[in-house]
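# Analysis of the macromolecular model
Letter by letter, the chains look like this.
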Amino acid sequence: MINSISNWWHSFQFKSALQQGNKRKAIKFLRVIEKSGAKLSSLEKLFRDKLQLEDSAKQYKTETAILNGKLNTALQELEKKTDLPVPLENKSNLKLNSDRDFIAYIHKTFNLIQHDENKLQCTGIDERIFDDFEAQLVEYLKEEFRRIPEKQLSIKLEDALEDINSLKCGKDPDYRFSLTPHVYYMKYFLENVYCLYLAWFLIYESGLLPTNIKILDIAAGPGTVAYGLALFLQSTSGFFNLPGIHISYYSLEKQNAFQFRGLQFWRRYIESRKTPINAFFRFVTSDIFTWNQQSSNIPIDFFDFVIISHCFFNDSTKSIQANNIYQQIIDLSLKNEGYALLILQDKKLYKAYNTSQSEDREQEKKLINKLLQELGLELVWYKYLISTGLRSPLQVAEFAKFAQEKLPKQLYMTTILQKYLSQKFRSHYILDDYIILAKKS
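Below: a short report on this structure. (Residues numbered from 1 in each chain as written. Predicted model: local features only at pLDDT ≥ 70, side-chain atom pairs only at ≥ 80, totals over all residues. Heavy atoms only, no water.)

## Side note on the overall build of the chain
What counts is decided by this rule: Put simply, DSSP marks the helices as runs of H or I at least four residues long and the strands as runs of E at least two long, and each gets a number from the N terminus on. Classification of residues uses two cut-offs on accessible area relative to the type maximum, computed with a 1.4 Å probe and protein chains only: under 20% is buried, over 50% is exposed, and between them is partly exposed.
The number of helices and strands found in the chain is 16 helices and nine strands. Out of the 441 residues in the chain, the part that is buried amounts to 48%.

## Details of the sheet that holds strand 2 (residues 119-121)
Rule in force here: Any two strands with at least two DSSP-identified bridges between them are counted as paired. By definition in these notes, contact holds between two residues if any of their heavy atoms fall within 4.5 Å. Every axis in this analysis is a line fitted to C-alpha atoms, fitted for helices over the stretch in contact. Angles between the N-to-C directions lie between 0 and 180 degrees.
Reading across the sheet, the nine strands line up as 1-2-8-9-7-6-3-4-5 and stay open at both edges, with mixed pairing between neighbours. Of all the strands in the sheet, just strand 1 (113-114) and strand 5 (278-285) have a single pairing partner and so form its edges. Examined bridge by bridge, strand 8 (residues 377-386) and strand 9 (residues 432-440) share nine bridges and lie antiparallel to one another. The residue bridging Leu379 from the neighbouring strand is Ala438, located in strand 9. Packing against the sheet, helix 12 (residues 316-333) makes contact with strand 3 (212-218), strand 4 (246-253), strand 6 (303-309), strand 7 (334-345), strand 8 and strand 9, and its axis sits at approximately 150° to strand 7.

## What about empty space enclosed by the protein?
Summary: where empty space remains is shown by rolling a probe the size of a single water molecule over the atoms. Heads up, the rule is: A pocket, in this scheme, is an open set of points on a 1 Å grid over the protein atoms alone with protein on both sides within 12 Å along at least 5 of 7 lines, while a cavity is a set where a 1.4 Å probe fits but cannot get out; residues line either one if an atom lies within 4 Å of a point. Grid points are joined across faces, edges and corners, and a volume is the space filled by probe spheres set on the points.
One pass over the structure, following the stated rule, counts one cavity of 30 Å³ or more. Put simply, the largest cavity is a space of about 60 Å³. For the largest cavity, the lining is made up of 13 residues, of which Pro222, Gly223, Gly262, Leu263 and Phe281 are closest to its centre. If you list the elements that add at least two residues to the lining of the largest cavity, you get helix 9 (224-235), strand 4, helix 10 (256-269) and strand 5. For the lining of the largest cavity, the leading source of residues is helix 10, giving four residues.

## Topic: the pairing of strand 8
On any regular strand, side chains alternate: one points to one face of the sheet, the next to the other face. Within strand 8, seven of the ten residues are buried, which leaves it mostly tucked inside the rest of the structure. Of the strand pairs in this sheet, strand 2 and strand 8 are connected by three bridges, and their pairing is parallel. Paired with Leu120 across the two strands is Leu385, which belongs to strand 8.

## Quick word on a nonpolar patch on the surface
The cut-off we apply is this: Only residues whose relative accessible area exceeds 30% and that take part in no salt bridge are eligible for patches, with like-charged residues grouped when within 9 Å of each other and nonpolar side chains (Val, Leu, Ile, Met, Phe, Trp, Tyr) grouped when within 5 Å. Here the accessible surface of atoms and residues is derived via Shrake-Rupley with a 1.4 Å probe, and residues count as covered only by protein chains that are part of the display. Any carboxyl oxygen of Asp or Glu that lies within 4 Å of a side-chain nitrogen of Lys or Arg is treated as forming a salt bridge with it.
A cluster of nonpolar side chains, namely Trp8, Trp9 and Phe12, defines an oily patch on the protein surface of about 360 Å² accessible area. For Phe12, the location among the structural elements is in helix 1 (residues 2-19).

## Topic: the environment of Leu342
By secondary structure assignment, the location of Leu342 is in strand 7. Sequence spacing of Leu342 and Ile307 is 35 residues, and the spatial spacing of their C-alpha atoms is 5.9 Å. The contacts of Leu342, once residues within four sequence positions are left out, are Ile308, Phe312, Leu371, Leu372, Leu375, Leu377, Tyr434, Ile435 and Ile436.

## Brief notes about the packing of aromatic side chains
For clarity, the cut-off: Only Phe, Tyr and Trp rings take part, Trp by its six-membered ring, and two of them pair if their centres are within 6.5 Å. Stacked means planes under 30 degrees apart, edge-to-face means over 60, and tilted covers everything else.
This structure, assessed with the given rule, holds 45 aromatic pairs. Between Tyr105 and Phe239, the ring centres sit 5.0 Å apart and the planes meet at 45°, which makes this aromatic pair tilted. Linking Tyr105 in helix 5 (residues 100-109) with Phe239 in the loop between helix 9 and strand 4, this pair joins segments that are 134 residues apart in sequence. Owing to a relative accessible area of 29%, Phe239 belongs among the partly exposed residues under this scheme. When the centroid spacing of 6.3 Å and the interplanar angle of 55° are considered together, the rings of Tyr382 and Tyr434 count as tilted.

## Describing the packing of helix 6 (residues 127-146) against helix 16 (residues 413-420)
To keep it simple, the criterion reads: Relative orientations are named as follows: roughly parallel for angles under 35 degrees, roughly antiparallel for angles over 145 degrees, roughly perpendicular for angles from 65 to 115 degrees, and oblique for any other angle. As a working rule, the residues Ala, Val, Leu, Ile, Met, Phe, Trp, Tyr, Cys and Pro are called nonpolar, Asp, Glu, Lys and Arg charged, and the rest polar, with Gly in that last group.
Viewed as axis vectors pointing N to C, helix 6 and helix 16 meet at an angle of 30°, and their least axial separation amounts to 9 Å. It follows from the interaxial angle that helix 6 and helix 16 lie roughly parallel. Facing Glu134, Leu137, Val138, Leu141, Lys142 and Phe145 of helix 6, the residues of helix 16 in contact are Met413, Ile416 and Tyr420. Taken together, the residues that form the contact of helix 6 with helix 16 break down as seven nonpolar, no polar and two charged.

## Some details on the packing of helix 5 against helix 8 (residues 180-205)
Note the following rule: For any pair of crossing helices, the crossing counts as left-handed if the nearer helix is rotated counterclockwise from the farther one by less than a right angle, and right-handed if it is rotated clockwise.
With their axes 11 Å apart at the nearest point, helix 5 and helix 8 run at an angle of 145° to one another. Handedness of the helix 5/helix 8 crossing: left-handed. Together, Phe102, Ile103, Ile106 and His107 of helix 5 and Tyr197, Phe201, Tyr204 and Glu205 of helix 8 make up the contact between the two elements. When grouped by side-chain class, the residues that make up the contact of helix 5 with helix 8 number six nonpolar, one polar and one charged.

## Quick word on the side chain of Arg261
The condition is simple: The term polar contact refers here to a pair of N or O atoms within 3.5 Å; inside protein, the definition further demands a hydrogen-donor-capable atom paired with an acceptor-capable atom, and it admits residues adjacent in sequence only when both atoms are side-chain atoms.
Looking at the secondary structure, you find Arg261 in helix 10. When its relative accessible area of 18% is taken as the criterion, Arg261 is described as buried. Reaching out from Arg261, the side chain makes a polar contact with the side chain of Glu144 at a distance of 2.9 Å.

## As for the nonpolar core
Buried together is how nonpolar side chains tend to be arranged in soluble globular proteins. How we decide: Only buried Ala, Val, Leu, Ile, Met, Phe, Trp, Tyr and Cys residues count toward a nonpolar core, and they belong to the same one when joined by side-chain atoms within 4.5 Å.
In this structure, Phe110, Phe130 and Trp200 are the most contacted members of the largest nonpolar core, which totals 82 residues. Top element by residues in this core is helix 8. It accounts for 19 residues. Apart from the residues within four sequence positions on either side, Trp200 is in contact with Leu209, Ile213, Ile215, Val225, Gly228, Leu229, Phe232, Phe305 and Ile307. Ala219, Tyr250, Leu252 and Ile330 belong to the second-largest nonpolar core, a separate cluster that totals 39 residues.

## Some details on the side chain of Asp432
Relative to the elements of secondary structure, Asp432 occurs in strand 9. Looking at Asp432, its side chain comes within polar contact range of the side chain of Gln345, at 3.0 Å. Excluding residues that lie within four positions of it along the chain, Asp432 makes contacts with Leu344, Gln345, Asp346, Lys347, Tyr384, Leu385 and Ile386.

## So, helix 5
To keep it simple, the criterion reads: This arc corresponds to the set of directions leading from the helix axis out to the C-beta atoms.
Here helix 5 has its buried residues at Phe102, Ile103 and Ile106. Each buried residue of helix 5 lies within a common arc of 100° when the element is viewed along its axis, so the set occupies one face. Opposite the packed face of helix 5, turned more than 90 degrees from it, sit the exposed residues Arg100, Asp101 and Lys108. Between a side-chain oxygen at the N-terminus of helix 5 and the backbone nitrogen of Asp101 the separation is 3.1 Å; the capping residue is Asp99. Two residues or fewer after helix 5 comes Asn111, characterised by a positive phi angle close to 50°.

## As for unusual backbone geometry
Most peptide bonds take the trans configuration, and most residues that are not glycine carry a negative phi. A positive phi angle, near 50°, is found at Asn111, a position not held by glycine. In this fold, Asn111 is placed in the loop between helix 5 and strand 1. You will see that Ala219, though not glycine, has its phi angle at about 55°, which is positive. Mapped onto the fold, Ala219 is located in the loop between strand 3 and helix 9.

These figures come from the coordinates and say nothing about function on their own.
Structure representation (structure tokens):
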């Protein structure tokens, strides 16, 4: 009699857990029922079979990933030895081989210091890539400004600057003024490309960068994600030959002015290189807050990477809305074997959960896992890219001294910032971002 009551109670708890969507609790009670030797109900058998299928699928995915890695290496070695092209159906799954000399070069050039498992300090830059890129961007901006009468230029820049400076007050800018893209180029673009360059390097170092790569960039701005990848691939010159890289880049962005300026400068700079990157661009001009699957025309189960870079909102209501939409887009458009790449400033991560920055690594991990849970994702790895090497922020004067002594300077951009936006200090390349790589749950 007691056993019957106990079995009934465990079955009741099992059903309740399922109804609540609490999978972990349901598994716990299923194991108790199995251990008791009681006969399983139809529902319990179905759930048990489902768990077994999920375990088999995980094992299959792991074995497939290992075999794909071995196949990629073998195919690339075959292509090198025979000078014969690898068939296209095999090439679509190839990953770029990790070149030890190139990886060592990046670590040395960028002064990368691994302080712990997740914290990565960076105080250097590849000047042969970034100096030219910065100089060309400044020349492009000067040409744009010469087309506008001086008095109008001053007013337009002032409006755009006031809008973008909302970020400093913890507000979300509207990005609606005609010169907002230009002010973004001047104040934030170089730093963000610098960050994305290193994010792509970390993905490459992990052996996860495909040769035929399909990217969905959510809230893409002028295409910072694509620029970071293009500059990173430029850096490989002199170390190894790129095996027919092709980029399919989808930009989902509310402001078509950002998309237009991003493509305009891409054609001017990236496509003018001796060996330009083979890239296909598609622009979806849409507000994520009015996004829906039917009207977006974004391919389903298509992308190797879905990326959200520096588009996490300060307003809590907007943040909840955005995260729900991000989850829907990722679920629909990311391949099962693909990755979500999230990049957000340290201050935003801590502020989103009303927490103060500190050296507490366990707290840091909890916040990141909480964010991923809200997006329906599981962590693969994350890195905290930080110029100072500290999780706690320095005082303003202390940081200014550190930047002047240690960080790469924006030699060309500082000049026009001082001329057009009355900036009093020299700009540097600064990092304070979390790079988070995740997969679908």
